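The residues making up each chain are set out below.
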Amino acid sequence: MSAVRSAMKVIYTPGLNLKSPIGLRNDPHTATILHFGSQYQTEFEQAIEQIPPFERRDFDAWYDSEDGAAFRQWSNRAFAMASALNIVEQAWEQDAPEEVEEDEVDPTLQKLVDINWYLETHGVWLVIIAFIIGFVAFFGTGGLESALAATIRLVAFSGSAVLLLAWVGTKLLPGVIRVQARKRGVQIPTREVQQAQQMPLWTQESELTSAKILNYANWVMLAQPGAGGLMELTAPNPTPPTDAHTDRQTKILEAAKRWRDDSPLRPHKS
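Since the structure is predicted, the reported quantities are computational estimates derived from the model, not experimental observations.

**Description of the environment of Ser-75**
- Looking at the secondary structure, you find Ser-75 in helix H4 (residues 66-94).
- Relative accessible area serves as the criterion here: at 5%, Ser-75 is assigned to the buried category.
- Separated by 35 residues in the primary sequence, Ser-75 and Tyr-40 have C-alpha atoms spaced 10.0 Å apart.

**Description of the packing of aromatic side chains**
- Across all of its chains, the model carries nine aromatic pairs by this definition.
- Ring geometry for Phe-59 against Trp-62: centres 5.6 Å apart, planes inclined by 45 degrees, an arrangement best described as tilted. Residue Phe-59 and its partner Trp-62 are located together in helix H3 (residues 53-63), separated by three residues, close to a single helical turn.
- The exposure class assigned to Phe-59 is buried, which follows from its relative accessible area of 1%.
- According to the relative accessible area criterion, Trp-62 is buried, its value standing at 9%.
- When the centroid spacing of 5.5 Å and the interplanar angle of 20 degrees are considered together, the rings of Phe-59 and Tyr-63 count as stacked. Separated by four residues within a single helix, Phe-59 and Tyr-63 lie in helix H3, roughly one turn from each other.
- Among the residues examined, Tyr-63 registers a relative accessible area of 24% and is labelled partly exposed.
- Linked through ring pairs, Phe-44, Phe-59, Trp-62, Tyr-63, Phe-71, Trp-74 and Phe-79 together constitute an aromatic cluster.

**Details of the nonpolar core**
- Counting residues in hydrophobic clusters, the biggest one holds 32 residues, and the most contacted among them are Phe-44, Phe-59, Phe-71, Trp-74, Ile-213, Tyr-216 and Leu-233.
- Broken down by secondary-structure element, the contributors of at least two residues to this core are helix H1 (2-11), helix H2 (28-49), H3, H4 and helix H9 (210-223).
- At 10 residues, H4 tops the list of elements feeding residues into this core.

**Examining the environment of Ile-133**
- Following the sequence through the fold, Ile-133 ends up in helix H6 (residues 124-141).
- Apart from the residues within four sequence positions on either side, Ile-133 is in contact with Ala-156, Ser-160 and Leu-163.

**Some remarks on the packing of H1 against H4**
- For the pair H1 and H4, interaxial distance at closest approach is 9 Å and the crossing angle is 145 degrees. Considering how the two elements wind past one another, H1 and H4 form a crossing that is left-handed. Residues Ala-3, Val-4, Ala-7, Met-8, Val-10 and Ile-11 of H1 touch H4, and the partners they reach there are Arg-77, Ala-80, Met-81, Ala-84, Leu-85, Ile-87, Val-88 and Ala-91.
- Classifying every residue of the contact of H1 with H4 gives 13 nonpolar, no polar and one charged.

**So, the packing of helix H5 (residues 107-122) against helix H8 (residues 173-183)**
- Closest axis-to-axis distance for the H5/H8 pair is 10 Å, and the angle between their directions is 165 degrees. By the angle between their axes, H5 is roughly antiparallel relative to H8. Two packed elements cross with a definite hand, and for H5 against H8 that hand is left-handed. Touching Leu-109, Leu-112, Val-113, Ile-115, Asn-116, Leu-119 and Glu-120 of H5 are Leu-173, Pro-174, Ile-177, Gln-180 and Ala-181, all from H8.

**Some remarks on the confidence of the model for the protein chain**
- In the predicted model, the protein chain carries a mean pLDDT of 75, and 78% of its residues have values of at least 70.
- Scored below 50 in pLDDT, residues 192-205 shows 11 contacts in the model against residues more than four places distant or in partner chains.

**Notes on a nonpolar patch on the surface**
- On the surface, Val-124, Trp-125, Ile-128, Ile-129, Phe-131, Ile-132, Ile-133, Phe-135, Val-136, Phe-138, Phe-139 and Phe-157 cluster together to form a nonpolar patch covering roughly 1,200 Å² of accessible area.
- Sort the elements by how many residues they give to the nonpolar patch and H6 lands first, with 11 residues.
- Structurally, Phe-138 is set in helix H6.

**Focus on the pattern of salt bridges**
- Here the structure, examined in full by the defined rule, presents two salt bridges.
- Note that Glu-49 is salt-bridged to Arg-56, the shortest N-O span being 3.7 Å.
- Glu-49 gets classed as exposed once you look at its relative accessible area, which sits at 53%.
- Here Asp-60 ties to Arg-56 by a salt bridge, and the two come within 2.8 Å at their closest N and O atoms. Here Arg-56 and Asp-60 lie together in helix H3, a separation of four residues that amounts to about one turn.
- In this structure Asp-60 comes out as partly exposed when scored by relative accessible area, which is 28%.
- Among the ionic contacts, a cluster of salt bridges with common partners joins Glu-49, Arg-56 and Asp-60.

Rules behind the numbers
- Sequence order sets the numbering: in each chain, residues are counted from 1 along the sequence as written.
- Thresholds applied to this predicted model are a pLDDT of at least 70 for local features of residues and 80 or more for the giving and counting of side-chain atom pairs; totals over whole chains, interfaces and linings are not thresholded and use all residues.
- Heavy atoms from the whole structure form the basis of all side-chain values; hydrogens and water molecules are not counted.
- The helix and strand labels rest on DSSP assignments: H or I over at least four residues marks a helix, E over at least two residues marks a strand, and numbering proceeds from the N terminus.
- Only protein chains enter the accessibility calculation, which uses a 1.4 Å probe; a residue is then buried when its area is under 20% of its type maximum, exposed when over 50%, and partly exposed in between.
- Aromatic pairing here means that ring centres of Phe, Tyr or Trp (its six-membered ring) are within 6.5 Å. Orientation follows from the plane angle: under 30 degrees is stacked, over 60 is edge-to-face, and everything else is tilted.
- Buried Ala, Val, Leu, Ile, Met, Phe, Trp, Tyr and Cys residues form a nonpolar core when they are joined through side-chain atoms within 4.5 Å.
- Contact criterion: two residues are considered in contact whenever any of their non-hydrogen atoms come within 4.5 Å of each other.
- Here the axes come from fitting lines to C-alpha atoms, over the contacting stretch only for helices, and the angles between their N-to-C directions go from 0 to 180 degrees.
- A clockwise turn of the near helix away from the far one marks a right-handed crossing, whereas an anticlockwise turn of less than a right angle marks a left-handed crossing.
- The classification used treats Ala, Val, Leu, Ile, Met, Phe, Trp, Tyr, Cys and Pro as nonpolar, Asp, Glu, Lys and Arg as charged, and all other residues, Gly among them, as polar.
- Each angle receives one of four descriptions, namely roughly parallel if under 35 degrees, roughly antiparallel if over 145, roughly perpendicular if within 65 to 115, and oblique otherwise.
- Think of pLDDT as the predictor's per-residue confidence, scored from 0 to 100.
- A residue counts toward a patch only above 30% relative accessible area and without a salt bridge, and it is joined to like-charged neighbours within 9 Å or, for Val, Leu, Ile, Met, Phe, Trp and Tyr, to nonpolar neighbours within 5 Å.
- Method for areas: the Shrake-Rupley scheme with a 1.4 Å probe, in which residue coverage is limited to the protein chains shown.
- Salt bridges are defined by distance alone: a side-chain nitrogen of Lys or Arg within 4 Å of a carboxyl oxygen of Asp or Glu.

Rendered as structure tokens:
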């Protein structure tokens, strides 16, 4: 709990970063968090050294520009915050409730689902086998006019037709499963295919995590964004003090809000 408390201190104190490690007295956890953040920064700098010379030339030009300066200022806070968020994520995973045992699925419905999965995965072989049978029967007996050849062609073409009809039938099985599921009171979610949006990872609206910050730092080496494209790291506004808070809690909330309002990263401009 003390490590999580120190991690939240880093997250809600915008002025606390790798270059200004304030308030570390009697707080070894915060010092450790910033140490891990420095390791993230070192790993990033080592990755930069691996950039090919031609691409490195463009990166160095960006790194020395105003946008690069904004990124360096941002990264001092970002790597510290990534380390703090990693502590919170680990604590969340350790304290996560055990999985709730799911209700037993109807055996008949489960068997239909298994058959449908198998046919979706291997159903194309029905078409391939039907084509092979028809191909062999046509070219193997195409020049023969005997009753035996005609019988072979009839049997082969009939078998191919049956296989093709079976393949078509597999496309109707999901509908049958939905009908059976509704009869049993089971809701089957529909799968919607969404068109992938061509948006950078750091502009997508999602929960801020340590992995996302580190992924963004890696993307910088490829994208070199402007100062306005940096990921938002500003912590949310703290809860306003009320009569229920003690004097110490009130001072903490007021200090957190002051740090947030005076943060050099809000807005992200160089």
